[in-house]
Structures are given as structure tokens and as C-alpha cells.
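Architecture at a glance
Residue-level listing of the chains:
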Amino acid sequence: MGELRRDPVVNRWVIIDPERAEREAVFPIEEEAEEPIPCPFCPGHELEAGKEIVALGEPGRAPNAGGWWVRVIPDRRPILRIEGQLDPRPEGMFDLMNAVGAHELVVETPEHDKHWHELSELQLERVLKVWQERSLDLRKDERFRQVLMVKNYGQATTLFRHPHSHVLALPIVPKGVDEEIQGVLHYSRLKERCVYCDILREEIRRGKRMLLESSEVIAFTPFASRFPFETWILPKFHLPDFGRITGEEVKDLAAVLKAVMGMIQTSLAFSSGSLILHTSPLQEYHRPEYHWHIEIVPKASKVAGFEWGTGFFVNPVPPEEAAAWLQEGRQARLEGL
Ligand SMILES: [Zn+2]
Ligand SMILES: [Zn+2]
Ligand SMILES: [Zn+2]
């Protein structure tokens, strides 16, 4: 199991997980990972993909058989594991705990090679409903303080082409969300208003960064975008928790996501990127002042996508091992002299 370690200066939690596949990208090992054939997420391979946690499909279908529309399975290479205790403990002045949490994979359609903008609105609506369902279910586990949804799309960002997204339940509030909460609280102390509500009113009024406005949400490129073509989608009515979104809002959001992803796909020369859903933390960490939203960054690498969205870094190389690796190289060079 990986470890959660806290940086004592900036309070940033990092997952140190030497079992990660990205290690290959760090250490100079040849052999490039190739997409498995046949695809385990395609219909007919349900058991290879993994036993489903939940699925939407034709009425009366048996679990782990065909006839599904959206399937949720455990991620086979989870960055957090559901079993075990957090066991928070000191190591001298440092804090660490076991990397306990949930890492689920949402297979978004039976169709192997479809971008979000090519899926029907109904199909995207099913995906969003499943995200909401997982958010409501995972919060029953009191170890979890945050549920996040992350999607990496396009070829450069993921080993599996088959459309899928990740649902993560974390035992900590990640720095990315925590920083936004601090900003939201600071702004509401000054102005007694929600900063996201103010942003969306301003964007609607100005219009020059707007991509789309529907009855429930707006999509725009934010004033201080950190990445080229960064796009935010905000619900127009203040709501801290994505888990509490209504059926109407889900339907509307599906239509906007389809349109926005279409704009991104058809306007840019590259077709990969990341999308993250930020929502209020859970249990006693819940903040009614928060305003859930989606952030999209075209063409971010897989790891960068996750880290940008969560402020929660996944490092496949423990620093002790890194030091030993570098020392060994130095030793070899010295002996070679
Ligand atoms: Zn497939
Ligand atoms: Zn708001
Ligand atoms: Zn955010």
C-alpha cells in the first residue's frame, strides 16, 4: 500500500506509491506500455475489466453481463486502497498515514472509441448520474473527506482509449480544493457574497469569455486562466455539493458538456486533456459557502491533470529510493573513473 505524507511547510499531502505504473516513465526502462488487445472495457469482457460496483443498463440485466450503458468497477491500479485503517502516525517531525481511499473507474459507454462530444446527451446524462450516485454512496464511509471526479481524454493522456473516468474518495481535503475554500471564505468575509456567484454574474454581463449559457449552467474561459483554453463550467444557482444536483440540472449539464467538448475538439489541433469536478468536502469539512464546478484543461498530461485538479501529488518514486538511485549512479561513475 502507498503512503500519504504531509509536507510540513505548505501542508501538501503527497502519495508515495512505488507500485505505480508511471515509474516506468521515470526510470529509464525501455518497453513502452501498449493498449491491451482486446480491450477489457468493451462488452463481452466484463469479468476481465472487474466486478462491477454499480451499473446502469437495460432493465433485468444480470450484473457483470452485457446490456449495460455505464459500468463502475474498481480501478486495477488504484492510487488509494479501500481496505485498511488510515493509521495516522508521526515519523519524527513528519506526518504520514496509509493511502486509504477509493479509486473507481467509470466505463462511460459500451462504445470503444468515442469522445464525449460524440456521445448522445442521454449517454452523458447517464455518466453524470453515475458520478452523482457514487458521490452519495462513498460519503457513507466516514473515513472520506472528499470525492473527486477526474477524466483524462484523448490518446496522449491514457493507456486505455475506451471512454472512462475516475471517481476518487480521499481521506484528506486536497490542497486544490482547500485553497479554493480559503479563497471563498476570505471573499465572503469581505463582501458577504459567493465569489463564484459573482464571477458568473460578471462573465454573463461581459460576455467576452463566455462559451455557452444554458438555463442551469454557464461555460467560459476564466479571467486568470492558468492554461491555454482552460474552461470552467459553473452552475448558475449556488450549490456547494454536486451530490445534491437535480435531475434537470444533470440533463442541462450533459448538453453543455457535449457542446463544450465539441468546441474544444473541433477548434484545437490536439485532442487530449483533462477534466475535473470540484465539489464541497464531506462530513464536518462540508462548506456551504463553496460552489461546485468543472474545470477543463485541454492537453494536460495524465499525471499533471490529476495533480492540477486536486493539488494532490502522486509520486511513484519514494524520495529515499530516488536518493539511493542517484547515489548508485554516482558510485558507478566514480568506479568508472
Ligand atoms: Zn473498449
Ligand atoms: Zn455561489
Ligand atoms: Zn476548482
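Scope of this entry: the structure provided in the associated data block. Given the structure is predicted, the values throughout are model-derived calculations rather than measurements.

In this section: the overall build of the protein chain. Along the protein chain, the regular secondary structure elements total eight helices and 15 strands. Residues counted as buried form 50% of the 337 residues belonging to the protein chain. Within the protein chain, counting contacts between residues at least 6 apart in sequence, those at least 24 apart form 67% of the total.

Glancing now at the environment of phenylalanine 223. As for its placement among the helices and strands, phenylalanine 223 is situated in the loop between β11 (217-220) and β12 (231-235). For the pair phenylalanine 223 and glutamate 203, spaced 20 residues apart in the sequence, the C-alpha separation amounts to 8.8 Å. With residues near it in sequence (within four places) discarded, phenylalanine 223 still touches Glu203 and Arg209.

This paragraph deals with helix α3 (residues 121-138). Across its 18 residues, α3 extends 26 Å between first and last C-alpha, which sits within 8% of the 26 Å expected from 1.5 Å per residue. When α3 is considered as a whole, its buried residues turn out to be Gln123, Leu124, Glu125, Arg126, Val127, Leu128, Val130, Trp131, Gln132, Arg134, Ser135 and Leu138.

This next bit is on the coordination of the zinc ion (ligand 3). Note on the zinc ion (ligand 3): its protein donors are Glu180 (OE), Glu180 (OE), His278 (ND1), His293 (NE2) and Glu295 (OE). The metal-donor distances range over 1.9 to 2.6 Å. Between consecutive donor residues of the zinc ion (ligand 3), the sequence gaps follow E-x97-H-x14-H-x1-E. Of the two residues, histidine 278 is situated in strand β13 (residues 273-278) and histidine 293 in strand β14 (residues 293-298); the sequence distance between them amounts to 15 residues. For the pair histidine 278 and histidine 293, one class covers both residues: buried.

Further remarks concern the coordination of the zinc ion (ligand 2). At this site the zinc ion (ligand 2) is bound by Cys194 (SG), Cys197 (SG), His238 (ND1) and His291 (ND1), with donor distances of 2.0 to 2.3 Å. With four donor atoms in place around the zinc ion (ligand 2) and angles of 106 to 112° between them, the coordination shape is tetrahedral. Written as a sequence motif, the donor residues of the zinc ion (ligand 2) are C-x2-C-x40-H-x52-H. Placement of the pair is cysteine 194 in the loop between α4 (175-191) and α5 (195-206) and histidine 238 in the loop between β12 and α6 (247-267), with a sequence separation of 44 residues. Residue classification places cysteine 194 among the buried positions, given a relative accessible area of 12%.

Along the chain, serine 274 turns up in strand β13. Among the polar contacts made by the side chain of serine 274, one reaches the side chain of asparagine 152 at a distance of 2.8 Å.

Before going further, it helps to examine the packing of α4 against α5. Helix-helix packing is characterised by the crossing angle of the two axes and by the distance between the axes. With their axes 9 Å apart at the nearest point, α4 and α5 run at an angle of 80° to one another. Put simply, α4 runs roughly perpendicular to α5. Along the contact surface, α4 presents Glu180, Val184 and Tyr187, while α5 presents Val195, Tyr196 and Asp198.

The rules behind each value
- Residue numbers run consecutively from 1 along every chain, following the written order of its sequence.
- Chain letters start at A and ligand numbers start at 1, both assigned in the order the entries are written.
- Only residues with pLDDT of at least 70 get local features here, since the model is predicted, and only at 80 or more are side-chain atom pairs given and counted; chain-wide, interface and lining totals rely on the full set of residues.
- Derived side-chain values reflect all non-hydrogen atoms in the structure, with water molecules and hydrogen atoms excluded from consideration.
- Only DSSP runs of H or I reaching four residues or more are called helices, and only runs of E reaching two or more are called strands; each is numbered from the N terminus.
- The rule is simple: take the accessible area with a 1.4 Å probe, protein chains only, and divide by the maximum for that residue type; under 20% is buried, over 50% is exposed, in between is partly exposed.
- Throughout, a contact is declared for two residues whenever any of their heavy atoms are within 4.5 Å.
- Each helix should span, by expectation, one fewer than its residue count multiplied by 1.5 Å.
- Note that water is not among the atoms considered, so a metal site may appear incomplete; the donors listed are N, O and S atoms within 2.8 Å of the metal, with 3.2 Å applied to Na, K and Ca.
- For four-coordinate sites, all angles between 85 and 135 degrees define a tetrahedron; for four- and six-coordinate sites, opposite donors beyond 155 degrees with the remaining angles between 65 and 115 define square planar and octahedral shapes respectively, and all other cases count as irregular.
- Side-chain atoms alone can form a polar contact between residues adjacent in sequence; in general such a contact is a pair of N or O atoms within 3.5 Å, and within protein one must be able to donate a hydrogen while the other accepts it.
- The axes used here are C-alpha line fits, helices contributing only the stretch in contact, and every angle between their N-to-C directions lies in the interval 0 to 180 degrees.
- Small angles under 35 degrees read as roughly parallel and large ones over 145 as roughly antiparallel, with 65 to 115 read as roughly perpendicular and the rest as oblique.

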